[in-house]
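Residues per chain, in single letters:
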Amino acid sequence: MVNENLGDMAGHFFVKATFPGHSQDQVNDMIKSIRWSFEKNFWQYDWLDQRTRQEALQKLKAITQKVGYSTSSPDVMSSASVEEFYRTLDIRKGDHFGNQVRSSAWKMENMLRSVSQPENRIKLESIPQTVNAFYNPTKNSIEMPAGMLQPPFYHIENPEYLNFAGIGAVAAHELGHAFDNRGRSYDETGALRDWWTESSAAAFEEKSKCFIDQYSEYTVKGPDGTDHFVNGWGTLGENIADNGGLKLAYESWRQRYRSDLAGRKYNNGHLPGLESRTAEQLFFIQFARSFCGNTAPDEEVRRLKDDSHSPRKYRINGVVQNSAYFAQAFQCKLGTPMNPAKKCILW
Ligand SMILES: [Zn+2]
């Protein structure tokens with residue numbers, strides 16, 4: 001109830017305790033590097049013709065990134081700003097029902113007032129303690145609240161190979177949604193507009209088909225031991241975002257890492273006990289680690305029907321099978337299961 005009615009007030013205490021120092025700046029800087037890798041790749045893809053490329057670059061540039069918490073209406077870090085924001089909401093001790101009614105009225109008033117005002121492009125749509133990240137196609141924005149910017153995804157003192165493989169891959173995934181099979185029908189302002197030339201759209205479709213075929217072959221075991229197939233079409237958007245996400249996070253991390261092998265600017269130091277692993281290998285181990293989890297077989301089968309994401313196992317293995325960087329880091333021979341000759345690549 002506190003989250004629902006006083007979300008940014010609870011969020012104030014949450015970010016003060018869990019999102020310290022320059023975390024917001026650091027994550028924003030990581031996303032800047034990832035956007036730069038995206039841009040660089042747009043220039044390199046010969047299947048994007050000049051007109052579509054210009055549109056894509058324009059859309060990429062226009063994406064707003066909202067990281068951690070709102071800094072206006074209210075500025076969540078400032079207790080004075082939070083207090084002012086909730087000033088007109090009357091919360092009384094011992095009056096739960098009244099508090100709920102007044103909260104609903106207050107929220108409705110705020111919403112109606114916002115209709116006649118210009119959109120606040122800085123304010124996050126979710127409260128800071130939300131453990132989620134998303135791309136909003138009609139606003140052309142990505143949002144990563146502080147609740148997501150926590151271990152195992154992110155920590156301000158982590159080496160960069162951990163942060164990029166964790167939250168970096170998430171940020172790149174969300175950016176990727178701007179250019180997946182659904183996101184690509186919206187333009188830089190969030191309007192539904194077809195900005196693709198026929199030939200670039202056809203190339204996109206062909207590359208998408210590779211992912212549909214790849215994921216349609218994956219199965220999960222049901223409670224009775226029978227195989228159930230992943231819906232390659234239904235999970236396409238998420239798979240495009242997952243694959244581009246890992247590739248772009250890796251490329252932007254490696255660019256920084258290689259430009260600073262002495263570690264003066266970026267922290268890529270060894271972790272105690274894991275000295276035998278290269279930074280490249282630890283990147284992929286961390287990527288897998290941030291996705292791993294346990295799901296009961298009946299739930300796994302149920303999710304095949306209504307989750308737009310692939311099962312966790314394939315959100316990891318399906319993606320690294322497409323990654324030449326992964327094969328290189330672990331020296332997988334071409335033609336082995338984790339380094340198949342046929343790889344699906346879009347972004
Ligand atoms: Zn997604």
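This text follows the structure it describes.
Just so we're clear, the structure is a prediction, and the values are computed from it rather than from any experiment. (Residues numbered from 1 in each chain as written. Predicted model: local features only at pLDDT ≥ 70, side-chain atom pairs only at ≥ 80, totals over all residues. Heavy atoms only, no water.)

### Considering the coordination of the zinc ion
(1) Moving on: Here the zinc ion is held by His173 (NE2), His177 (NE2) and Glu238 (OE), and the distances to it run 2.0 to 2.1 Å.
(2) Moving on: Residue class for His177 comes out buried when judged on its relative accessible area of 11%. (Donors = N, O, S within 2.8 Å, 3.2 Å for Na, K, Ca; no water. Buried < 20%, exposed > 50% of the residue type's maximum accessible area, 1.4 Å probe, protein only.)

### A closer look at the pairing of strand E3 (residues 141-145)
(1) Moving on: Across the 5 residues that make up E3, a large majority, 5, are buried.
(2) Moving on: Going residue by residue along E3, you find Ser141, Glu143 and Pro145 tucked away on one face and Ile142 and Met144 tucked away on the opposite face as well.
(3) Moving on: By the bridge criterion, 5 bridges tie strand E1 (residues 64-68) to E3 in an arrangement that is parallel. When the sheet's bridge partners are listed, Thr64 is paired in E3 with Ser141.
(4) Moving on: With 3 bridges connecting them, strand E2 (residues 134-136) and E3 associate as antiparallel partners. Bridging across to E3, Tyr135 finds its partner in Ile142.
(5) Moving on: The antiparallel hairpin formed by E2 and E3 contains 4 residues in its connecting segment, where Asn140 sits at a positive phi of about 50°. (Helix = DSSP H or I, 4+ residues; strand = E, 2+ residues; numbered from the N terminus. Pairing = 2+ DSSP bridges.)

### Observations regarding the packing of helix H7 (residues 160-177) against helix H10 (residues 279-291)
(1) Moving on: The geometry of H7 relative to H10 is characterised by a closest axis approach of 8 Å and an angle of 35° between their N-to-C directions. You can see that H7 and H10 cross each other, and the crossing is right-handed. The segment H7 lies against H10, with Tyr161, Leu162, Phe164, Ala165, Gly166 and Ala169 engaging Ala279, Leu282, Phe283, Gln286, Phe287 and Ser290.
(2) Moving on: Class assignment of the residues belonging to the contact of H7 with H10 gives a composition of 9 nonpolar, 3 polar and no charged. (Axes fitted to C-alpha atoms, helices over the stretch in contact; angles between N-to-C directions. Left-handed = near helix turned anticlockwise from the far one by under 90°. Contact = heavy atoms within 4.5 Å. Nonpolar A, V, L, I, M, F, W, Y, C, P; charged D, E, K, R; others polar.)

### Re the environment of Thr226
(1) Moving on: Within the secondary structure, Thr226 is located in the loop between strand E4 (219-221) and strand E5 (227-229).
(2) Moving on: The spatial distance from the C-alpha of Thr226 to the C-alpha of Arg87 is 58 Å, given a sequence separation of 139 residues.
(3) Moving on: Side chain to side chain, Thr226 and Asp224 meet in a polar contact 2.8 Å long. (Polar contact = N/O pair within 3.5 Å; in protein donor to acceptor, adjacent residues only side chain to side chain.)

### Focus: the sheet that holds E2
(1) Moving on: Reading across from one edge, E1-E3-E2 is the order of the 3 strands in this open sheet, with mixed pairing throughout. Edge strands, defined here as strands with exactly one partner in the open sheet, are E1 and E2. Within this sheet the neighbouring strands show an average axis-to-axis angle of 15°, counted without direction.
(2) Moving on: Together, E2 and E3 form the strand contacts of H7, whose direction differs from that of E3 by roughly 150°.

### A few points about unusual backbone geometry
(1) Moving on: Residue Ser73 is joined to Pro74 through a cis peptide bond whose omega torsion reads -5°.
(2) Moving on: Following the sequence through the fold, Pro74 ends up in the loop between E1 and helix H5 (79-85).
(3) Moving on: Cis rather than trans, the peptide bond between Pro151 and Pro152 has omega equal to 5°.
(4) Moving on: Within the fold, Pro152 resides in the loop between E3 and H7.
(5) Moving on: Within the chain, Ser73 stands out as a residue other than glycine whose phi angle is a positive 50°.
(6) Moving on: Mapped onto the secondary structure, Ser73 falls in the loop between E1 and H5.
(7) Moving on: Even without being glycine, Gln331 reaches a positive phi, approximately 50°.
(8) Moving on: Along the chain, Gln331 falls in the segment after helix H13 (324-330).

### A few points about the packing of aromatic side chains
(1) Moving on: Tallied over the entire structure, the rule returns 29 aromatic pairs.
(2) Moving on: A centroid spacing of 4.7 Å and a plane angle of 25° characterise the contact between Tyr250 and Tyr325, whose relative ring orientation is stacked. Note that Tyr250 is positioned in helix H9 (residues 236-258) and Tyr325 in helix H13, a separation of 75 residues in sequence.
(3) Moving on: Residue Tyr250 is classed as buried on the basis of its relative accessible area, which comes to 2%.
(4) Moving on: Ring geometry for Phe287 against Phe291: centres 5.4 Å apart, planes inclined by 75°, an arrangement best described as edge-to-face. Of this pair, Phe287 and Phe291 both sit in helix H10, 4 residues apart, which is roughly one turn of that helix.
(5) Moving on: Judged by its relative accessible area of 2%, Phe287 falls in the buried class.
(6) Moving on: Put simply, the rings of Phe38, Phe42, Tyr45, Trp47, Phe179, Trp195, Trp196, Phe204 and Trp347 pair up and form one aromatic cluster.
(7) Moving on: It is Arg184 that lies over the ring of Trp196; its NZ or CZ is 4.7 Å from the centre. (Phe/Tyr/Trp six-rings, centres within 6.5 Å; stacked < 30°, edge-to-face > 60°. Lys NZ or Arg CZ within 6 Å of the ring centre and 35° of its normal.)

### What to know about the pattern of salt bridges
Side-chain pairing between opposite charges can occur once the charged atoms of the two side chains come close.
(1) Moving on: A complete count under the given rule lists 18 salt bridges for this structure.
(2) Moving on: Close ionic contact of Asp306 with Arg302 constitutes a salt bridge, the shortest N to O distance being 3.0 Å. Residue Asp306 and its partner Arg302 are both found in helix H11 (residues 297-306); the two are separated by 4 residues, about one turn of the helix.
(3) Moving on: The class of Asp306 is exposed, set by a relative accessible area of 53%.
(4) Moving on: Beyond isolated ion pairs, a larger network of salt bridges with shared partners links Glu55, Asp187, Glu188 and Arg193. (Salt bridge = Lys/Arg side-chain N within 4 Å of Asp/Glu carboxyl O.)

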